[in-house]
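# Reading the structure
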Amino acid sequence: MGCDGGTIPKRDELVRQKKKAEVKDKNAANMAKWRYCTLKYDALKRPIVVDSHGLLYNKDAILEFLLDRMQFENGPSYVKKMKDVKELQLTESPEFKSNHNDLGNEYLDVYSSPFICPLTGLEMNGKYKFCAIWTCGCVLSERALRSINNNSSEKLCCPKCGKEYASNDDVIILNPENEDIALMEQRRQRLNASQKKNGSTKRKTSEIEEEESSGKKTKIGK
Ligand SMILES: [Zn+2]
């Protein structure tokens, strides 16, 4: 038993250990995004909402934020009304529920998630990519969504509730990382551009309607 306690770790071993610790920290920070409200850092509890950046909040926190923005220094400036967030339809993990029932509200195991993908059963704990469909609010793993809606010529339907949605721009990547952050940014730009376009056509229609109604009035008047 020569190795017991008596060995001095070599430098590269120490570096390896440090790296391991860093990865662990990063993992913990990543897990936290899936478990705590972005605004108030409370544990996420239904009703939970997502914003256009894919960040998760307790609905109550967003309501508080909208009532008094000054209270929150780091609030999402782009969330201006309740319609700027979407309430999520989450699938509870039966396993998590039975394991944590006796523990009150404290979740002891950071790696287990209260929510899962309804199709694949993957846990929503930050290890796998998860998406929400803005139209219906359903939350699924990207794997499930991609396997169902891979044929772009077919209608896009939510695999959970069956509701149709218009395009892939209705899909929000939750807590996006790396290249997905850019993808979500591009999505917002596309939506902003189309909203501006729709806004101007809306104005035009209302103008036309006004003209029509005023024309009717003059007709009636004559
Ligand atoms: Zn749905």
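Residues numbered from 1 in each chain as written. Predicted model: local features only at pLDDT ≥ 70, side-chain atom pairs only at ≥ 80, totals over all residues. Heavy atoms only, no water.

Attention shifts here to the coordination of the zinc ion. Surrounding the zinc ion are the protein donor atoms Cys136 (SG), Cys138 (SG), Cys158 (SG) and Cys161 (SG), at 2.3 Å. One can describe the site at the zinc ion as tetrahedral: its 4 donor atoms subtend angles covering 108 to 115 degrees at the metal. One chain supplies every donor for the zinc ion, spaced along it as C-x1-C-x19-C-x2-C. With cysteine 136 in the loop between strand S6 (130-133) and strand S7 (139-141) and cysteine 158 in the loop between strand S8 (156-157) and strand S9 (164-165), the pair connects residues that are 22 residues apart, well separated along the chain. (Donors = N, O, S within 2.8 Å, 3.2 Å for Na, K, Ca; no water. Tetrahedral: all angles 85-135°; square planar, octahedral: opposite > 155°, others 65-115°. Helix = DSSP H or I, 4+ residues; strand = E, 2+ residues; numbered from the N terminus.)

The biggest cluster of nonpolar side chains holds 39 residues, and the ones touching the most others in it are Leu39, Leu56, Leu88, Met124, Phe130, Val139 and Leu174. Of all the elements in the fold, those that place two or more residues in this core are strand S1 (48-51), strand S2 (56-58), helix H2 (59-67), S6, S7, helix H4 (142-148) and strand S10 (171-173). Sorting elements by how many residues they give to this core places S6 first, with 4 residues. The contact partners of leucine 88, leaving out residues within four places of it in the chain, are Ile48, Val49, Val50, Leu56, Ala132, Gly137 and Val139. (Core = buried A, V, L, I, M, F, W, Y, C linked by side-chain atoms within 4.5 Å. Buried < 20%, exposed > 50% of the residue type's maximum accessible area, 1.4 Å probe, protein only. Contact = heavy atoms within 4.5 Å.)

The strand order S7-S6-S10 describes an open sheet built from 3 strands, whose pairing is antiparallel. Of all the strands in the sheet, just S7 and S10 have a single pairing partner and so form its edges. With direction set aside, neighbouring strand axes in the sheet form an average angle of 35 degrees. Here S6 runs beside S10; their pairing, made up of 3 bridges, is antiparallel. From the neighbouring strand, isoleucine 133 faces S10, where its bridge partner is valine 171. (Pairing = 2+ DSSP bridges. Axes fitted to C-alpha atoms, helices over the stretch in contact; angles between N-to-C directions.)

Looking at where asparagine 125 falls in the secondary structure, it is placed in the loop between strand S5 (115-116) and S6. A relative accessible area of 4% means that asparagine 125 is categorised as buried. Among the polar contacts listed, one links the side chain of asparagine 125 to the backbone nitrogen of lysine 127, at a separation of 3.0 Å. (Polar contact = N/O pair within 3.5 Å; in protein donor to acceptor, adjacent residues only side chain to side chain.)

Burial along S1 is two-sided: the residues Ile48 and Val50 and Val49 and Asp51 are all buried. Here S1 pairs with S2 via 3 bridges, running antiparallel. Bridge assignment links valine 49 to a residue of S2, and that residue is tyrosine 57. Counting the residues that bridge the hairpin from S1 to S2 gives 4 residues, and of these glycine 54 lies at a positive phi of roughly 85 degrees. Looking at chain direction, S1 and strand S3 (residues 85-87) are connected through 3 bridges and run antiparallel. The residue bridging aspartate 51 from the neighbouring strand is valine 85, located in S3.

When the pLDDT values of the protein chain are averaged, the result is 83; 78% of them are 70 or greater. Predicted confidence is poor over residues 215-222, with pLDDT under 50, and the contacts of this stretch with residues over four places away or in other chains come to 0 contacts. (pLDDT = per-residue confidence, 0-100.)

Below, the discussion takes up the sheet that holds S3. In spatial order, the strands read S2-S1-S3; together these 3 strands make up an open sheet with antiparallel pairing. At either end of the open sheet lies a strand with only one pairing partner, and these are S2 and S3. Across this sheet, the average inter-strand angle for adjacent strands is 35 degrees, counted without regard to direction. Packing of H2 onto the sheet brings it into contact with S1, S2 and S3, and relative to S2 it is tilted by some 80 degrees.

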